[in-house]
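So you can see what is in the structure, the chains are spelled out below.
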Amino acid sequence: MSQDFASVGQQFAKFYYEKFDSDRSQLAPLYRDFSMLTFEGQPFQGTQAIIEKLTSLSFQKVAHQVSSMDVQPSSDGKILVHVCGFLQVDGGENHLPYNQVFQLVPEGSTYYVLNDMFRLNLA
């Protein structure tokens with residue numbers, strides 16, 4: 001089995017978190033009007049709703065630290081990406097553990113995010 005899917009997943013996560021940490025509004029091209037984000041149990045569908053949610057988060061600065069990532073191929077060229085890591089919010093000393101899952105769908109020579117699920121691990 002080809003490992004290209006792993007490389008795509010890793011490159012995607014690196015790009016996504018760099019954009020998220022610098023300017024969340026720049027993530028809009030990664031989503032489509034039928035894309036879905038579940039953020040802490042709340043659903044948001046469509047590019048506009050997803051970006052509105054991400055840009056309305058209360059922190060000013062954030063830094064993602066990825067500690068592990070699993071990538072699997074799925075049907076029709078889709079890729080499933082599961083990320084575990086820590087968030088440093090507004091320069092605070094307490095790093096918040098999180099999990100995030102993306103389903104990437106091929107589109108031409110690139111991929112878009114069909115599904116995005118984010119959850120802090122605070123329990």
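Residues numbered from 1 in each chain as written. Predicted model: local features only at pLDDT ≥ 70, side-chain atom pairs only at ≥ 80, totals over all residues. Heavy atoms only, no water.

Some points on the packing of aromatic side chains
Logical step 1: Taken as a whole, this structure holds 10 aromatic pairs when the rule is applied.
Logical step 2: Taking 6.0 Å as the distance between ring centres and 35° as the angle between the ring planes, the aromatic pair formed by Tyr16 and Phe20 counts as tilted. Pair noted here: Tyr16 and Phe20 are both in helix H1 (residues 4-22), with a separation of four residues, about one helical turn.
Logical step 3: Given a relative accessible area of 7%, Phe20 falls into the buried group.
Logical step 4: Clustering of aromatic rings is evident, with ring pairs tying together Phe12, Tyr16, Tyr17, Phe20, Phe39, Tyr98, Phe102 and Phe118. (Phe/Tyr/Trp six-rings, centres within 6.5 Å; stacked < 30°, edge-to-face > 60°. Helix = DSSP H or I, 4+ residues; strand = E, 2+ residues; numbered from the N terminus. Buried < 20%, exposed > 50% of the residue type's maximum accessible area, 1.4 Å probe, protein only.)

Looking at the pairing of strand E2 (residues 42-45)
Logical step 1: Bridge count between strand E1 (residues 31-39) and E2: four bridges; the pairing is antiparallel. Within E2, the position partnered with Leu37 by the bridge is Phe44.
Logical step 2: The hairpin turn running from E1 into E2, its antiparallel successor, is two residues long, and Glu40 in that turn takes a positive phi close to 50°. (Pairing = 2+ DSSP bridges.)

Focus: helix H2 (residues 47-55)
Logical step 1: Listed as buried for H2 are Thr47, Ile50, Ile51, Lys53 and Leu54. Projected down its long axis, H2 shows its buried positions confined to an angular sector of 160°, all on one face. (Arc of directions from axis to C-beta.)

With respect to unusual backbone geometry
Keep in mind that most residues, glycine aside, have a negative phi and that most peptide bonds are trans.
Logical step 1: The phi dihedral of Glu40 is positive, around 50°, even though this residue is not glycine.
Logical step 2: Tracing the backbone through its elements, the reader meets Glu40 in the loop between E1 and E2.
Logical step 3: The residue Asp90 is not glycine, and still its phi comes out positive at about 50°.
Logical step 4: With respect to the helices, strands and loops of the structure, Asp90 is situated in the loop between strand E4 (79-89) and strand E5 (96-107).

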